[in-house]
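Observations on the model geometry
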Amino acid sequence: MNGPWDVWSDCTPDCAAHALPRVPATRIARRGAAFAHTVRRALTDGERMADPVRLRAHAGALLKALGVRVEGAASLTAGDGTGTLIVLNHISWLDILALLAVEPVTLLAKREVGGWPVVGGLARRAGTHFIDRTSPRRLRRTVQEVAELLGSGCSVAVFPQATTWCTADQGTFRRATFQAALDAGAPVRPVTLGYTQQGLPSTVAAFCGEDTFAASLRRVLAARALTVRVTAHPVLTTADGRLDRRELAELAARTVLGGRPGAGAVVRQAPARSALLPAVPLPGSSVPDAPVRDTPAHV
């Protein structure tokens, strides 16, 4: 189940569209079979999947089976003693595979993800750090846990938008995880993910609104020349104490979203579409009771 004060994106499944003609049905079938085989092989790796080398290999193999190329950054962590807080925009369930294919890091996911078909099994075996996103009272503890991970030298990846958008220039960043970076004195690495088809901007990978994993997977399998580009921006320093969490979140958002943070974002008590660290209010804020529900299709 999701927690209160989730972010509701303006994007819907109608936003997802091919920029090029679909591949032939025979290629779709081959990709589907290859993807299923690669998922089974990854799951049989058991706990060994958490090994960074194996995790990167599995993520890369899954993308290859889908016909998705990854371009861009070779390294995301800063390597200065503490871990790095990696903050990314959120478009698709493919974001996670692309991130792990570049550099395996610890992911933060709501606990319900562990029970999802396919994705849940991969997440559990990859060593994902699950959290309870249904209780606002867990906020301080969640921030503390992230700070401890960073302080121990473990890099952590989060999607501060707390929901998915169809392009890389929408949404806004929530502030909670940035406090963890400040507490640990850890650097923040802003990263932009963008999808293209033969160089043309594409929304075919977008996984928004009430979309289902099956429908999204069918689009990806049919996508021609789909590429995800991982752009690592300069590291933001927190150890000097010059920025508070609000300023740090805003600076990271401007960097990741191309200078236009906050476009179209509405904070509502509605189901979020992100599996990573949820939208949460700041400590001390008032949180009303709100109905919650699970969205078991999304990573």
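Residues numbered from 1 in each chain as written. Predicted model: local features only at pLDDT ≥ 70, side-chain atom pairs only at ≥ 80, totals over all residues. Heavy atoms only, no water.

**Re helix 2 (residues 52-66)**
Test applied: Strands here mean DSSP runs of E at least two residues long; helices mean DSSP runs of H or I at least four residues long; both are numbered from the N terminus. Take the residue count of a helix, subtract one, and multiply by 1.5 Å to get its expected span. Think of it in three bands: with a 1.4 Å probe and only protein chains considered, a residue is buried below 20% of the maximum accessible area for its type, exposed above 50%, and partly exposed in between.
Taking 1.5 Å as the rise per residue, helix 2 with 15 residues should run 21 Å; its terminal C-alpha atoms sit 21 Å apart, in good agreement. Of the residues making up helix 2, those classed as buried are Leu 55, His 58, Ala 59, Ala 61, Leu 62, Leu 63, Ala 65 and Leu 66. Residue Gly 67 follows helix 2 closely and has a positive phi angle near 80°.

**Thoughts on the nonpolar core**
We count it as follows: What is meant by a nonpolar core is a set of buried Ala, Val, Leu, Ile, Met, Phe, Trp, Tyr and Cys residues, joined one to another through side-chain atoms within 4.5 Å. Throughout, a residue-residue contact means that at least one pair of heavy atoms, one from each residue, lies within 4.5 Å.
Counting residues in hydrophobic clusters, the biggest one holds 50 residues, and the most contacted among them are Leu 66, Trp 93, Leu 94 and Leu 226. Contributing elements (two or more residues each) for this core: helix 1 (25-43), helix 2, strand 3 (85-88), helix 3 (94-102), strand 7 (188-197), helix 7 (213-222) and strand 9 (226-232). Residue contributions to this core peak at seven residues, all from helix 3. Excluding residues that lie within four positions of it along the chain, Leu 94 makes contacts with Leu 63, Leu 66, Val 68, Tyr 195, Ala 205, Val 220 and Leu 226. Residues Val 87, Ala 180, Ala 186 and Leu 248 belong to the second largest nonpolar core, which totals 26 residues.

**Some points on unusual backbone geometry**
A positive phi angle, near 50°, is found at Gln 198, a position not held by glycine. Along the chain, Gln 198 turns up in the loop between strand 7 and strand 8 (200-201). Phi at Ala 225 is positive, roughly 55°, even though this residue is not glycine. Here Ala 225 falls in the partly exposed class, since its relative accessible area comes to 28%.

**Concerning the pattern of salt bridges**
Stated formally: Each salt bridge in this description consists of a side-chain nitrogen of Lys or Arg and a carboxyl oxygen of Asp or Glu lying within 4 Å of one another.
For the structure shown, the criterion picks out 10 salt bridges. Across the pair Arg 229 and Glu 71 runs a salt bridge whose closest N-O atoms are separated by 3.7 Å. Of this pair, Arg 229 sits in strand 9 while Glu 71 is found in strand 2 (residues 69-72), placing the two residues 158 residues apart along the sequence. On the accessibility criterion, Arg 229 (43% relative accessible area) is partly exposed. Measuring nitrogen to oxygen at the nearest pair gives 3.4 Å for the salt bridge that ties Arg 246 to Glu 250. With Arg 246 and Glu 250 both in helix 8 (residues 245-256) and four residues apart, this pair spans about one turn of that helix.

**So, the packing of aromatic side chains**
This is how the line gets drawn: Pairs were defined over the aromatic rings of Phe, Tyr and Trp, the Trp ring being its six-membered one, requiring ring centres within 6.5 Å. Orientation was assigned from the angle between planes: stacked under 30 degrees, edge-to-face over 60, tilted for the rest.
Scanning the model with the defined rule gives two aromatic pairs in all. Considering the side-chain rings of Trp 93 and Phe 213, the 4.8 Å spacing of their centres and the 55° angle between planes classify their relative orientation as tilted. In this pair, Trp 93 is assigned in the loop between strand 3 and helix 3 and Phe 213 in helix 7, connecting sequence segments 120 residues apart. Taken individually, Trp 93 and Phe 213 each receive the classification buried, so the pair is uniform in this respect. With a centroid separation of 6.3 Å and an interplanar angle of 25°, the aromatic rings of Phe 173 and Phe 178 are classed as stacked. Taken individually, Phe 173 and Phe 178 each receive the classification buried, so the pair is uniform in this respect.

**Observations regarding the pairing of strand 3**
So the rule is basically this: When DSSP finds two or more bridges between two strands, those strands count as paired.
Where burial is concerned, the two faces of strand 3 agree: the one with Leu 85 and Val 87 and the one with Ile 86 and Leu 88 are both buried. As paired strands, strand 3 and strand 6 (residues 156-158) are joined by three bridges and run parallel to one another. Bridge pairing in strand 6 places Leu 85 opposite Val 156.

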